[in-house]
Amino acid sequence: MGNGIQAIHPFVMFFYYICLGFFAMFFNHPIFLLAGCLALIAVNLSHDGGQAMKQWTPLMMTMTVLIIVINPLINSRGTHVWFDLFGKQVTLEAMLYGVVTAMSLLMILLLFVSLNIVLNGNKLLYIFARILPRTAFLIMMSIRFVPLLKRRLTEIQDVQRLKGMTMTQGTLRERAKSGMSMLQILLSWSLEEAVETADSMKARGYGSGTRRPYIPFRMTKSDKRWLSYLLVAFVIGGTGGLLGYGKIIIYPELGTLHLSLLDWVVFACGMAVALFPVFVEGREQLKWNYSI
């Protein structure tokens, strides 16, 4: 991963994700949401070549297809009837609503994949430690919890496989027995480490008073410029959204998909926010190329 986006102040990146999450839920025009999904795919590719995104791709694709397919089958609202399926009308409005909902959720999932890469535990702790110290610590531990359990389970499976214990071979009873044994080891390991962590925190005096962040991030002039850039683009885009731009009416009757000039202005502001990490990484890459 390039150092460009990692060098940006955590508060600037947190504000970026807040803006993008707001846009994902605020705008409902298919062109806006499709462009947002493509922009976030580019952002994730700029982070680590898309390695983290690939792990979530099956889940995201399954969710997207299910929402698009199921919504028209359970919702017959709308005036533009496409066809009848098993005596139920499938409308264009219901299909479009499913597409919009799926892309909005897909944007949020892609956003969290990127957030998990960029804002690690120390950065989140730095952002919230002074305002909500206990909440910040719980958030950091929660984000760490699932990847940690997954890594431990993989290690346990590797060791148990050498002993001939696996969940992929044998009868159903044998596989269930192996799975329960591995789960028992995982829980025992996790509980034992939790006690050790609690003792370590108590010995270091955690919770006895105000503590400074472990890594003192400092807001540079470059960070302030990037923050101003995001703030201006967000205010213009958000104001346009409040005035009705970047949105379409789906129910009770489908509105026009045509984009006016002001719609395109709001679209440009949304893309300026969404592609912010790509701009940062591209700027750093250009600096590196021209410095050689």
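The structure contained in this document is the topic of the report that follows. (Residues numbered from 1 in each chain as written. Predicted model: local features only at pLDDT ≥ 70, side-chain atom pairs only at ≥ 80, totals over all residues. Heavy atoms only, no water.)

### With respect to the nonpolar core
One recurring pattern in soluble globular proteins: nonpolar side chains tend to sit buried together. Ranked by size, the top nonpolar core spans 58 residues in total, and within it Ile8, Met13, Tyr16, Tyr17, Leu20, Val273 and Phe276 carry the most contacts. Secondary-structure elements contributing two or more residues to this core are α2 (10-26), α3 (30-48), α4 (51-74), α5 (92-118), α6 (121-128), α9 (221-242), α10 (261-274) and α11 (276-291). Examining the composition of this core, we find that 13 residues originate from one element, α5, more than from any other. What Met13 contacts, discounting residues up to four positions off in sequence, is Ile5, Ile8, Val118, Leu119, Phe276 and Pro277. (Core = buried A, V, L, I, M, F, W, Y, C linked by side-chain atoms within 4.5 Å. Buried < 20%, exposed > 50% of the residue type's maximum accessible area, 1.4 Å probe, protein only. Helix = DSSP H or I, 4+ residues; strand = E, 2+ residues; numbered from the N terminus. Contact = heavy atoms within 4.5 Å.)

### Some thoughts on the environment of Lys224
You can see Lys224 is positioned in helix α9. The class for Lys224 is partly exposed, based on a relative accessible area of 49%. For Lys224 and His9, which are 215 residues apart along the polypeptide, the C-alpha to C-alpha distance reads 9.0 Å.

### Some remarks on the packing of α3 against α5
Packing of α3 against α5 leaves a shortest axis separation of 9 Å and a crossing angle of 20°. By the angle between their axes, α3 is roughly parallel relative to α5. Handedness of the crossing formed by α3 with α5: left-handed. The segment α3 lies against α5, with Pro30, Leu33, Leu34, Gly36, Cys37, Leu40, Ile41, Val43, Asn44, His47 and Asp48 engaging Leu96, Val100, Met103, Ser104, Leu106, Met107, Leu110, Leu111, Val113, Ser114, Ile117 and Val118. In terms of residue class, the contact of α3 with α5 is built from 17 nonpolar, 5 polar and 1 charged. (Axes fitted to C-alpha atoms, helices over the stretch in contact; angles between N-to-C directions. Parallel < 35°, antiparallel > 145°, perpendicular 65-115°, else oblique. Left-handed = near helix turned anticlockwise from the far one by under 90°. Nonpolar A, V, L, I, M, F, W, Y, C, P; charged D, E, K, R; others polar.)

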